[in-house]
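# Understanding the architecture of this molecule
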Amino acid sequence: QGRCDWLTPRPATPGRPDTLRAANRHRHLAAMEVAATAAAATAGGVGMGLFSYNRGNYMFDQKNHYARFTAGLNMAIAQTGMYRQDIAQLTELTVSRQDCYHGIAAMGLTILTAIYCPGRIGLHTPPPPGWLMGLMFVNIAGCYMFLGLTLWLAMHASMRADTAATHMLTRFVRLPIPSQGMLDKARKFLASFEEQPLKEVFRVPFTRHDKPGQGKKGGYNEDREIDGDAARRARHGYDVPAWYKKEKAVDNSHASETIGSMMPLDARGTAPEHFEAYREIQQEWFPYDVYARLSIFLAFMHLIHCWAYQQIGHQFQETRAIFACFCVILCMFVLQHSILTLDIVPRGVPLQRLGPFALWFAYAAAVIEYARWFNPATQAIGFVLVYIAYGIHIVYTLQLLYLCAPAQEPPAVAESPGASWWPGEWRLPSAFQHAIWLVAPPKKLEDGQTDIVGELRAAQRGGSATPGAATESEKRADVHRALGKQGESPAWFNVKVGLVAMVIAWVFLTFGFTIEVINQGTSHPSLLNAPGMPNNLRDPRYRPAKVGLHEPTEVGTGGVLHGPARGVHVSGVERRLQAAAEAGLDRRGVAEKLRGLLPMLQGLSLGAAPAAPPAQLAAAQVASDLAVQWPAFFEPRHLAYDPSAAPEAPVAAALSRQGRGLVLDATSGAALQRFVLEGLVGHGALVSASWDHSGLLVATSSGAVLECAGRPGAGGRSS
């Protein structure tokens, strides 16, 4: 039992040969059946082994694929977060710098307003000469202009940078968070192994997956720069599984769909795309950033100039501190040269160094202007010094216009750690390149840095992660695409117009000073003179122009014609005593009368009681109070009696300080005649008056003594 009868050997029947042949045939068939069964069993075992081996590889690859997919996305998310910080930091650098400019400009405006309004010279005292006021106020105007430009340029740069950063962070540079669909596409079921070709299912170990052939896709991972050992461990070329080829196509086309591109193809460079995009957008505000910094420089250079000129006027006109003024000018001179050294890189002839020297020429001219006595030669030297100061300001402003202009071919800026940097195609004033502190995104990655986001984006669009960049000329044209018709930045155009306006102002001021020099010593020494009215009467605070070439007089007194020394230095002026002496006046008798009055005047000055009147005055009437109806707004200050009136009907003239008069009856107080003294304008207020047989004699606060011939009030006017 349990045995096969056909395998049991039977005893041979003698005499029957067919029986032997049949037995042999049965044995041969049995052996063949056993071999076939063994072969089938072996083939099945080998097939199952190959199937299990390749299925295990597939399972291992799918697990690594999903882990690699998620790890790559996690690194891309982390790197995108770093890119967002890059944009925020680049923008914060611009915004914080503009905030600093705003604060400095506001401080400068406060100082300038204090100089211009409550602290200006000439507010409570006579002002300095017109040429010095011109130097001061033109610099004040320039400072106001450039501080205003600073505020507007900085405000534009700050707001534009903030807007660009917000736009990029909310639309383009977003974290590549995968969707559920993307995760499903990256995930593989084990049943998908059944979709693989049989040559991959039963591939014998140590044999190639595929070979190059006509129409075959291959060359996977050949763009990586790896060493030989790593290449032997990595799948590359054509020797990759079929499922890897399919996964590669799916991953590149769908799995990283959240990493889109924000740049046109011709704008891409070798740096990460957010850097390229930010650099393109930064072209719209970097000129405003740069020229806000230059406007601060221009404003404070004009502020130092105007403050120094204000000190010259203050020290000479109000405090008379000539040596203290020298120390002030010295400090301001050093400060201006220090700022020029800190902000400007020497380029060509340093004509900007001439600017601070205008302070010394103005100081020397002021010394001559305020000298107590001067002569025509000294006055001419003062004029020359003023012209030199004006000429220095013209040359200085033209040099600033040259230095602030954008360089046509700026030198390449070397990129070093911790230093400012911008692309070579950006046209900036190279003279201020080390004071701008502008930072633009880099053009390439440093050695050892990797742009995973760029690799995923490039793989998705089927290209390289670092496409070829445009040429320098194309980039330069792209940078200045938004500029004006003349290829200028609006920021530079505004600063240029301001500097040109300053040049025009200095030329106009020089021309005006020339007119004043020409009019020296004429009947109209100032263009502001009203006909028949000198400057010091038209505006008491106005210091009249310097007197003529041949007029010896003290500085600041108003000259021979209108000052307190009127008639002193002019030999042709009429002198009453001299004329009386020539007519035979008893000069000795007059001296005796004056000598007799001196003791009484001395007693009055010491507060003693007045002495008894002389005998010839004893018979005079005793003074009595009168009720007089004075005209409206009339304030009598002086009283003079008519010597020709009868004793029983005395007549007096009452006068105000301004020259208005009233003739009245000294007995009844009735008003007889109103009158106005003509020709009193320009000589000051009345301080005394006397009426004799020749007419009315008055003295003014300026020291002038005037005579009005005839009876006061004839025709309502006296002159």
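This text follows the structure it describes.
Figured I'd write up the structure that's included with this text. (Residues numbered from 1 in each chain as written. Predicted model: local features only at pLDDT ≥ 70, side-chain atom pairs only at ≥ 80, totals over all residues. Heavy atoms only, no water.)

Moving on, we come to the overall build of the protein. Scanning the protein for helices and strands turns up 19 helices and 8 strands. When the 719 residues of the protein are sorted by exposure, 38% land in the buried category. For the protein, the exposed surface amounts to about 40,700 Å²; the carbon and sulfur share of it is 61%. (Helix = DSSP H or I, 4+ residues; strand = E, 2+ residues; numbered from the N terminus. Buried < 20%, exposed > 50% of the residue type's maximum accessible area, 1.4 Å probe, protein only. Areas by Shrake-Rupley, 256 points an atom, 1.4 Å probe, with all protein chains shown as cover.)

Turning our attention to the sheet that holds strand β7 (residues 705-709). Taken in spatial order, the 3 strands line up as β5-β6-β7 in an open sheet, and their pairing is antiparallel. At either end of the open sheet lies a strand with only one pairing partner, and these are β5 (686-692) and β7. The sheet shows a mean angle of 20° between the axes of neighbouring strands, taken without regard to direction. Sheet topology note: the β5/strand β6 (residues 695-700) ladder contains 6 bridges and is antiparallel. Opposite D692, over in β6, you have G695 as the bridge partner. (Pairing = 2+ DSSP bridges. Axes fitted to C-alpha atoms, helices over the stretch in contact; angles between N-to-C directions.)

Turning our eyes to something else, we now look at the pairing of strand β3 (residues 660-665). Pairing geometry for strand β2 (residues 651-655) and β3, over 5 bridges, is antiparallel. The residue bridging L655 from the neighbouring strand is G661, located in β3. Two strands pair when backbone bridges link them, and β3 and strand β4 (residues 671-677) are joined in this way by 5 bridges, in the antiparallel orientation. Pairing of G661 across the sheet is with F675, part of β4. The hairpin turn running from β3 into β4, its antiparallel successor, is 5 residues long, and G669 in that turn takes a positive phi close to 85°.

Moving on, we come to the pattern of salt bridges. Applying the stated criterion across every chain yields a total of 6 salt bridges. The shortest N-O distance in the salt bridge between R160 and E284 comes to 2.6 Å. Here R160 is found in helix α2 (residues 130-171), whereas its partner E284 is found in the loop between α7 (273-282) and α8 (286-319), with 124 residues between them in sequence. A salt bridge links D343 to R293, with the shortest nitrogen-to-oxygen separation between them at 2.9 Å. With D343 in helix α9 (residues 322-343) and R293 in helix α8, this pair connects stretches of sequence that are 50 residues apart. (Salt bridge = Lys/Arg side-chain N within 4 Å of Asp/Glu carboxyl O.)

Attention now goes to the packing of aromatic side chains. Under the criterion given, the structure shown has 15 aromatic pairs. Look at Y387 and F513: their rings are 5.2 Å apart centre to centre, the planes differ by 70°, and that puts the pair in the edge-to-face class. Linking Y387 in helix α11 (residues 376-404) with F513 in helix α15 (residues 490-518), this pair joins segments that are 126 residues apart in sequence. Among the aromatic side chains, those forming a connected cluster through ring pairs are F316, F326, F333, F357, W360, Y363 and Y370. (Phe/Tyr/Trp six-rings, centres within 6.5 Å; stacked < 30°, edge-to-face > 60°.)

Attention now goes to the nonpolar core. If you look at the biggest cluster of nonpolar residues, it comprises 83 residues, and the most contacted ones within it are W131, L135, F297, Y309, I312, F432 and V495. Mapped onto this core, the elements with two or more residues apiece are α1 (17-116), α2, α8, α9, α10 (358-369), α11 and α15. Sorting elements by how many residues they give to this core places α8 first, with 18 residues. For F432, the contacting residues outside a window of four places in its chain are L294, F297, D343, I344, L403 and C404. Of all hydrophobic cores here, the second largest spans 15 residues; its members include L677, L696, A704 and C708. (Core = buried A, V, L, I, M, F, W, Y, C linked by side-chain atoms within 4.5 Å. Contact = heavy atoms within 4.5 Å.)

Next up on the list: a nonpolar patch on the surface. Taken together, the side chains of V590, L594, L597, L598, M600, L601 and L604 present a nonpolar region at the surface, about 600 Å² in accessible area. Examined against the element boundaries, V590 turns out to sit in helix α19 (residues 587-605). (Patch = residues over 30% accessible without salt bridge, like charges linked within 9 Å, V, L, I, M, F, W, Y side chains within 5 Å.)

Within the fold, Q336 resides in helix α9. Assessed through its relative accessible area of 0%, Q336 is described here as buried. In contact with Q336, other than residues within four places in its own chain, are M301, I304, H305, G355, P356 and L359.

Let's shift gears to the packing of α11 against α15. Direction vectors running N to C along α11 and α15 enclose 170°, while the axes themselves pass 10 Å from each other. Regarding the angle of α11 to α15, the classification is roughly antiparallel. Judged by the twist between their axes, the crossing of α11 over α15 is left-handed. Here the contact of α11 with α15 is built from residues that sort into 19 nonpolar, 4 polar and 1 charged. (Parallel < 35°, antiparallel > 145°, perpendicular 65-115°, else oblique. Left-handed = near helix turned anticlockwise from the far one by under 90°. Nonpolar A, V, L, I, M, F, W, Y, C, P; charged D, E, K, R; others polar.)

Turning next to the environment of W437. Structurally, W437 can be placed in the loop between α12 (433-436) and α13 (452-460). For the pair W437 and S420, spaced 17 residues apart in the sequence, the C-alpha separation amounts to 5.1 Å. Not counting chain neighbours up to four residues away, the residues in contact with W437 comprise R97 and S420.

Time to look at the packing of α2 against α8. Direction vectors running N to C along α2 and α8 enclose 155°, while the axes themselves pass 7 Å from each other. Between α2 and α8, the angle falls in the class roughly antiparallel. Both α2 and α8 take part in a crossing whose hand is left-handed.

This next bit is on the environment of A161. The topology assignment puts A161 in helix α2. Put simply, A161 and L90 are 71 residues apart on the chain and 9.0 Å apart in space, counted from C-alpha to C-alpha. Discounting chain neighbours no more than four positions away, the residues touching A161 are T91, T94 and W285.

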